[in-house]
Amino acid sequence: RSERIIGDWMADRKNRDDVILATKGGHPVLGTTGSRLSPERISDDLLGSLETLRVEHVDLYWLHRDDPACPVGSILEALHAHQEAGRISHYGCSNWRPERILAAHVYATEHHLTGFVANQMRWSLAGMNTPGPKDTTMCAMDVATHNLHRDLGLAAVPYGSQAGGFFTKWDSNPDSVTNSQFATEANLTLGPFLQATASDLGTTVSAVVVAWLLAQPYVTIPIVGCRTVDQLED
């Protein structure tokens, strides 16, 4: 549905060349654990996305989940073939463990492939102090992944970067977040510190939360979630 909406939006405005377009594939069918990382399924997902978006290529193609049973070489060769055919400009991974990202990097280097240009993971200032998600196929930033990004210069594109607005909600009403999954002792202690920091800098708590991600020793591009124009402007 999101691809149809974006495809219609670009077609109406004839602005395909003015945007950086990214989409995802390789997610198991909902309710199953089956892999979609074989060359055939990667092709099915990508070609389906191109048709829905009504474009000939995407600038960045993400693999939504990993399957450790699939050799990284097979996955990268499939993506490289589509890159060579002009269907994707760059490709990245999402929810991959550091050892798999490193294996992909080594394979790409040895075989002169582009390899992954970025990695998506669950990561926020609040998430560092919160138990991981029940979905074990989702990966959060950890020390090993952080070190790998730093050492390889690999861009990080964290989702959940504002922890559902936990600190912003705390800032306006601390009682409103007591039942949040992020309401750990460490995060509740961070609240006053972030509030004071934002006040000292003349900005907002949400800006400080995003700035913390942007201040990492490698490129980070936090994915922000907004419901209103005011939230987007903030």
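One numbering rule holds for all chains: residues counted from 1, following each sequence as written. pLDDT decides what is reported in this predicted model: residues at 70 or higher carry local features, side-chain atom pairs at 80 or more are listed and counted, and totals for whole chains, interfaces and linings draw on all residues regardless. Side-chain numbers come from the whole structure's heavy atoms, not from hydrogens or water.

**Quick look at the packing of aromatic side chains**
Two aromatic rings are characterised by how far apart their centres lie and by the angle between their planes.
In step 1: Two rings from Phe, Tyr or Trp (for Trp, the six-membered ring) form a pair when their centres are within 6.5 Å of each other. A pair whose planes differ by under 30 degrees is stacked, one over 60 is edge-to-face, and the rest are tilted. A complete count under the given rule lists five aromatic pairs for this structure.
In step 2: Ring plane angle 70° and centroid distance 5.8 Å describe the contact between W123 and W212, whose orientation is recorded as edge-to-face. Of this pair, W123 sits in the loop between β4 (118-120) and α5 (143-152) while W212 sits in helix α8 (residues 205-214), placing them 89 residues apart in sequence.
In step 3: We call a residue buried when its accessible area falls under 20% of the maximum for its residue type, exposed when it is over 50%, and partly exposed in between, using a 1.4 Å probe and counting protein chains only. Under the relative-accessibility criterion, W212 is labelled partly exposed at 29%.
In step 4: A centroid spacing of 6.2 Å and a plane angle of 55° characterise the contact between F166 and F182, whose relative ring orientation is tilted. Placement of the pair is F166 in helix α6 (residues 166-172) and F182 in the loop between α6 and α7 (185-201), with a sequence separation of 16 residues.
In step 5: Residue F166 is classed as buried on the basis of its relative accessible area, which comes to 2%.
In step 6: Judged by relative accessible area, F182 falls into the buried class, the value being 9%.
In step 7: Consider the ring centre and the ring normal. A charge sits over the ring if Lys NZ or Arg CZ is within 6 Å of that centre and within 35 degrees of that normal. Lying across the ring of W96, R100 places its NZ or CZ 5.0 Å from the centre. Under the DSSP-based scheme used, a helix requires at least four consecutive residues in state H or I and a strand at least two consecutive residues in state E, with every element numbered from the N terminus.

**Let's talk about the pairing of strand β1 (residues 22-25)**
In step 1: Side chains T23 and G25 project from β1 onto a buried face, and the interleaved A22 and K24 project onto a face without burial.
In step 2: In this description, strands pair whenever DSSP reports at least two bridges between them. With four bridges joining them, β1 and strand β2 (residues 58-63) adopt parallel strand pairing. By the bridge assignment for β2, T23 is matched with Y61.

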